[in-house]
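# Residue-level structural notes
Listed here are the chains, written in short residue letters.
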Amino acid sequence: MLILGIDTSTDILGLALMDSGQLKGEYNLSLKRQHSEKLLPLIEEIFELLGVEAGDLDGIAVAVGPGSFTGLRIGITTAKVLGRIFSIPVKGISTLEIMAAGAEGEYILPLLDARRKRVYYSFYQRNGNKDNNFLKEVKKAASAGISELPQILNEYQNQEISIIGEKTAEVRELLVENNFKTRIFEAEKNLPRAAVLARLGGDYICSGQADDIYQLKPAYLKIPQAEINWQQKYGSK
Amino acid sequence: MAANNMGVEKVNYKNKLKDKDEDIYILALESSCDETAASVNKNGLEILSNVVSSQVDLHKKFGGVVPEIASRKHLELLLPVIDQALAEAGIEFKDLDAVASTYGPGLVGGLLVTLTAAKTVSLALNIPLIGVNHIAGHIYANFIANPEIEKPLICLTISGGHTDLLYFEDLRGYQILGRTIDDAAGEAFDKISRFLGLGYPGGPAIEKAALSGNKTAIYFPRADLGDSYDFSFSGLKTAVMNYVNNEEQRGNEIDQNDLAASFQEAVVDSLASNLIKAVQEYKVESVVISGGVAANQRLREVIAERLKEHNLELYYPPLELCTDNAAMIGAVAYYQYLERDFAPLSLSAEPSLKL
């Protein structure tokens, strides 16, 4: 079962091909705002290098954010169209979950910078069960001020928390000050890796949890600013 | 196409590229503003399907297109409009000879949705990708509606994003005679409509108000740019705003309809005068207007009237081809296909692409 993983949610363009649990190849390229120009040429390149054709794919895993809206739409559009043309399953996976699934530890706090001293976070517990490899999302993805995190996580103060992603040093310092036990990761693990995305996608698809490509959309976590302004002025609806 | 020379891509496509005497099927996509659209064209001007999903109602309450809201909607509507376009054409993906998308001008977040989709189709099916200039699309909408149109011709293309006067020797290329040096004509309509509280989109709102107004009630100045064929509307916009502010300060009541009619007349007069000047200098067989503002009835009336003495007929696309659609993108794409003007998968969206 050949799965293509596509991640354009952050500055890193991630692409991976996973064949029945075997990683065939992976790109994690810090390209910032070049996802539109680079994504399709890189897919073509990874196919060519690995002797694969688009029609060989059995499924697609795509990162759905949180992240850059424009970046997310590029990856998700590509996944939708490939899914539609080849009638193959597509699974959208949270960028936070991709990071958490690549980290070790029982309790995992993946973070993405939401600017102005805020982060997008979620909180996962690793399931010890061998038959169920998926992480349990203990706290749903949301944005919060960095200073609010000790309060949000207070019931886990006695557990070791793995912090992964962006703003990790700052968050770790704050949690340690508040008597939390934490760990952080080396650079090569501290990112949403495309290989993890493709592996997770394969697992989800195998367990029958693909998405409806017509409904698939980014995890925006924020309504458009124009809508917020309008609601402030006129009330909702 | 002269203005869109991306160079021929060095790719071995699935099938041998076809020539003019073979049937060529192109899937075309468009999402540059607030319509999500897909169509299948056969040999350029034969439209097998033309699906447009408009979001105009979604943006009305904001008084203009909100780019982020538009982009979100394009992503939602993408597959449904493609499915419908293929189904209505009775075509499957495997039958396509090429795929095209608008790559500018427009809102970058929106453009990227169908541009990315078209790139993916190109990669998946191993067929050429064609990047189309949206403004060229509006012009070619005329050739879909009037295939018998005689060349050479003069074309005035006017919308919310551009105002261009062009000379066409034939359908493969054009020469730009003049363009706006500041606001586009449609932009002026939108800004004045919003200023007067008449709503969005501004063109139809102003036109509707003008129907009940006196177009000679107020004289607004027309920009004089000397010998050039260029246009300017920002001075007119300022004149309207100053007029309203002055009248309000004097405590005079303003007749919105007279104001709308007088403003519209000034825009129409500027557009028509430059067009007629070009018609007099270039010996043409036809005159064409295109773009969203070409839907304005008063503009059509004035130009048609002034063309009478030159024995020239005015062509404009039917209303359904005046607003953004993908059939017009497919028509341009066909001529680019014949010229082997294909784009690489690295093609970027160009929000301020010019002709």
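Residues numbered from 1 in each chain as written. Chains lettered and ligands numbered in written order. Predicted model: local features only at pLDDT ≥ 70, side-chain atom pairs only at ≥ 80, totals over all residues. Heavy atoms only, no water.

This part takes up the nonpolar core. Ranked by size, the top nonpolar core spans 68 residues in total, and within it Leu-4 and Phe-47 of chain A carry the most contacts. At 10 residues, the largest contribution of residues to this core is made by helix α3 (residues 108–125) of chain B. Not counting chain neighbours up to four residues away, the residues in contact with Leu-4 of chain A comprise Leu-15, Ala-16, Leu-17, Ile-43, Phe-47, Leu-57, Gly-59, Ile-60, Ala-61 and Leu-82 of chain A. Among the nonpolar cores identified, the runner-up in size contains 49 residues, and Leu-156, Ala-266, Ile-276 and Ala-294 of chain B belong to it. (Core = buried A, V, L, I, M, F, W, Y, C linked by side-chain atoms within 4.5 Å. Buried < 20%, exposed > 50% of the residue type's maximum accessible area, 1.4 Å probe, protein only. Helix = DSSP H or I, 4+ residues; strand = E, 2+ residues; numbered from the N terminus. Contact = heavy atoms within 4.5 Å.)

The next subject is the sheet that holds strand β8 (residues 173–179) of chain B. All names here are of chain B. Pairing is mixed across the open sheet formed by five strands, whose spatial order is β8-β7-β6-β9-β10. The outermost strands of the open sheet, each flanked by one partner alone, are β8 and β10 (314–315). Sheet topology note: the strand β7 (residues 163–170)/β8 ladder contains five bridges and is antiparallel. Bridge pairing links Tyr-167 to Gln-175 in β8. (Pairing = 2+ DSSP bridges.)

Tracing the backbone shows Phe-342 of chain B in the segment after α11 (327–338). Counting along the chain gives 214 residues from Phe-342 of chain B to Pro-128 of chain B, while the straight-line C-alpha distance between them is 6.2 Å.

Let us look at the confidence of the model for chain B. Averaged over every residue, the pLDDT of chain B is 92; the share at 70 or more is 96%. Ignoring residues within four places in sequence, the model shows residues 1–9 of chain B, a span with pLDDT below 50, making 30 contacts including any to other chains. (pLDDT = per-residue confidence, 0-100.)

Geometrically, the link from Gly-65 of chain A to Pro-66 of chain A is a cis peptide bond, its omega value of 10° lying close to zero. Residue Arg-340 of chain B is not a glycine yet carries a positive backbone phi of 55°. Within the secondary structure, Arg-340 of chain B sits in the segment after α11.

Residue and element names in this part refer to chain B. One pass over the structure, following the stated rule, counts 28 salt bridges over all chains. The partner of Asp-19 in a salt bridge is Arg-340, and the shortest N-O contact between them spans 3.2 Å. Linking Asp-19 in the segment before β1 (25–30) with Arg-340 in the segment after α11, this pair joins segments that are 321 residues apart in sequence. Judged by its relative accessible area of 40%, Asp-19 falls in the partly exposed class. For Glu-247, the salt bridge is made with Arg-250, and the minimal N-O distance between the two is 2.9 Å. According to the relative accessible area criterion, Glu-247 is buried, its value standing at 12%. Where salt bridges share partners, they join Asp-183, Glu-187, Lys-191 and Lys-237 into one cluster. (Salt bridge = Lys/Arg side-chain N within 4 Å of Asp/Glu carboxyl O.)

All right, on to the layout of surface pockets then. All names here are of chain A. In this model, the second largest pocket occupies a volume close to 1100 Å³. Around the second largest pocket, the lining is made up of 35 residues, and of these Arg-33, Gly-67, Ser-68, Phe-69 and Arg-115 lie nearest the centre. Along the lines of polarity and charge, the residues of the lining of the second largest pocket split into 11 nonpolar, 13 polar and 11 charged. (1 Å grid on protein atoms, 1.4 Å probe; cavity = no way out; pocket = protein on both sides within 12 Å on 5 of 7 lines; lining within 4 Å. Points joined across faces, edges and corners; volume = space filled by probe spheres on them. Nonpolar A, V, L, I, M, F, W, Y, C, P; charged D, E, K, R; others polar.)

Once that is clear, we can look at the interface of chain B and chain A. Contacts between chain B and chain A engage 28 residues on the former and 32 residues on the latter. Of all residues in chain B, Arg-72, Leu-75 and Leu-79 of chain B bury the most surface against chain A, accounting for 24% of the area lost on that side. The interface formed by chain B and chain A contains three salt bridges. Put simply, Arg-73 of chain A and Glu-68 of chain B hold a salt bridge, and the shortest N to O gap is 2.9 Å. Remark: the boundary between chain B and chain A carries eight residue pairs in polar contact (both at pLDDT 80 or more). Looking at the side of chain B that touches chain A, the elements with two or more residues in it are α2 (67–89) and α3 of chain B. Of the residues contributing to the side of chain B that touches chain A, the split by class is 18 nonpolar, five polar and five charged. (Buried area = accessible area lost by both parts, 1.4 Å probe. Polar contact = N/O pair within 3.5 Å; in protein donor to acceptor, adjacent residues only side chain to side chain.)

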